[in-house]
Structures are given as C-alpha cells and as structure tokens.
Amino acid sequence: MRRRRALLGALGGAVAVAAATGAAAGLAGHGPGSGGPARLTVGAGYIPRPLLTDEAAAYVTVANSGGTDAQLTSVTTPLAAHVTLHTTTGTTMRQVASLTVPAGGRLTLGTGGDHLMLEDLTHMPSVGERITLELHFTHATPATVTVTVPVRPTTYHPKG
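I will try to describe carefully the structure that is included in this document. (Residues numbered from 1 in each chain as written. Predicted model: local features only at pLDDT ≥ 70, side-chain atom pairs only at ≥ 80, totals over all residues. Heavy atoms only, no water.)

Focus on the overall build of the chain
For clarity, the threshold we go by: Comment: elements are numbered from the N terminus, with helices defined as DSSP H or I runs of at least four residues and strands as E runs of at least two. Burial classes follow relative accessibility: with a 1.4 Å probe on protein chains only, a residue under 20% of its type's maximum area counts as buried, one over 50% as exposed, and anything between as partly exposed. Contacts were defined at the residue level, with two residues in contact if any of their heavy atoms lie within 4.5 Å. For the area figures, the Shrake-Rupley method with a 1.4 Å probe applies, and any residue is considered shielded solely by the protein chains shown.
Along its length, the chain carries 2 helices and 11 strands. Going residue by residue from the N terminus, the α and β elements of the chain occur as α-α-β-β-β-β-β-β-β-β-β-β-β. Expressed as a percentage of its 160 residues, the buried residues of the chain come to 37%. Look at the contacts in the chain between residues 6 or more apart in sequence, and 71% of them connect residues 24 or more apart. Accessible surface computed for the chain: about 9,100 Å², of which carbon and sulfur atoms make up 57%.

Brief notes about the environment of Arg-152
In this fold, Arg-152 is placed in strand β11 (residues 144–152). As a C-alpha pair, Arg-152 and Pro-50 span 102 residues in sequence and 9.4 Å in three-dimensional space. Discounting residues that sit within four places of it in the chain, Arg-152 has contacts with Tyr-46, Ile-47, Pro-48, Arg-49 and Val-127.

Observations concerning the environment of Val-101
By the element assignment, Val-101 lies in strand β6 (residues 99–101). Judged by relative accessible area, which is 0%, Val-101 ranks as buried. Not counting the four nearest positions on each side in its chain, Val-101 is found in contact with Leu-40, Val-62, Ala-63, Asn-64, Asp-69, Ala-70, Leu-107 and Phe-137.

Topic: the packing of aromatic side chains
Defined as follows: Centre distance within 6.5 Å is the pairing criterion for rings of Phe, Tyr and Trp, where only the six-membered ring of Trp is used; planes under 30 degrees apart are then read as stacked, over 60 as edge-to-face, and the remainder as tilted.
In the structure shown here, the tally under the stated rule is 2 aromatic pairs. Look at Tyr-46 and Tyr-59: their rings are 5.2 Å apart centre to centre, the planes differ by 50°, and that puts the pair in the tilted class. A residue pair is termed long-range when its members are at least 10 positions apart, and Tyr-46 in strand β1 (residues 38–48) and Tyr-59 in strand β2 (residues 55–64) qualify at 13 residues. Relative to Tyr-156, the ring of Tyr-46 has its centre 4.9 Å away and its plane inclined at 75°; by these criteria the two rings are edge-to-face. Linking Tyr-46 in strand β1 with Tyr-156 in the segment after β11, this pair joins segments that are 110 residues apart in sequence. Residue Tyr-46 is classed as buried on the basis of its relative accessible area of 5%.

Without other data, these values stay purely geometric and don't point to any function.
What follows is the structure in structure tokens.
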C-alpha cells in the first residue's frame with residue numbers, strides 16, 4: 001500500500017512538472033485555449049445585390065473549432081478586382097488589415113458590423129447568381145477556404 005501511494009505521488013508530481021513546463025499540452029487535447037491549430041469552416045454567406053455598379057458587400061460566418069486564433073487576411077473573387085476587410089464600430093466603418101476568428105469561436109460578417117467590400121466589380125451580379133470567394137487565413141488549417149455564396153435581393157436579411 002505504501003509503495004502504491006509513493007508511485008501515485010511520483011506520478012502526480014510528474015504531471016504537475018509536465019503541466020508547469022507545458023509538456024502536458026498533448027494531454028490537454030486541442031480545445032480552445034490549448035494551443036491546438038485553428039480549424040476553420042465557412043458558411044452562411046451571401047452578397048446583397050449591389051445598388052452601385054462598382055462595389056458590393058459580402059458576408060460570411062467563419063467558425064474556428066481549434067485552440068488558436070486565426071486571422072482572415074485577404075479575400076479574392078472573380079467578381080471584383082479588390083476585396084477589402086472592414087470593421088464597424090457604432091456608425092464608423094474603417095478598413096483593417098485582418099479580422100480575428102477567435103479560438104473556439106466565430107467571426108460573423110454581417111450588415112452593420114464587420115464585412116467584406118468587393119471593389120471594382122467585373123459585372124453587376126444578378127439575384128440568384130453564385131459567386132466564389134476565396135478566403136485567406138494565417139495560423140489556420142486550412143489556410144485558404146473557397147466558398148460559393150448566392151446573390152440575394154438588396155433588402156435581404158438572414159433569419160436568426
């Protein structure tokens with residue numbers, strides 16, 4: 001019995017040392033905060049039919065089931081010569097170099113908030129047309145996600 005307690009005490013000490021040195025990361029799993037890689041999925045995207053012939057907004061939701069924040073750094077699409085990332089605080093919109101997809105969380109791009117601006121459109125998209133967006137990330141698996149999103153009526157607002 002004394003030998004068993006000594007062994008358990010030694011194992012407990014080894015686990016404590018491993019945790020203190022970070023060696024236990026493999027034991028902790030890959031949940032949020034554990035430092036596991038960002039794992040991304042993209043969905044719920046759409047583009048409202050633009051009112052202007054040269055620019056449009058685009059919205060998607062990016063979920064991160066990994067343990068590391070990811071950065072959306074750029075987007076490309078055949079619909080536009082340039083795509084810029086924007087954040088909105090109150091009534092002020094500003095262009096940013098990246099948008100964060102938090103570990104274990106999501107980045108929701110939507111009306112009145114963070115969004116993509118498609119500039120210098122190649123054509124005026126029609127309602128129902130499907131547009132490909134290629135999203136580029138750092139600190140993520142995969143580093144590039146390609147999605148096809150529908151063009152919705154200008155007044156479209158997603159439910160819930």
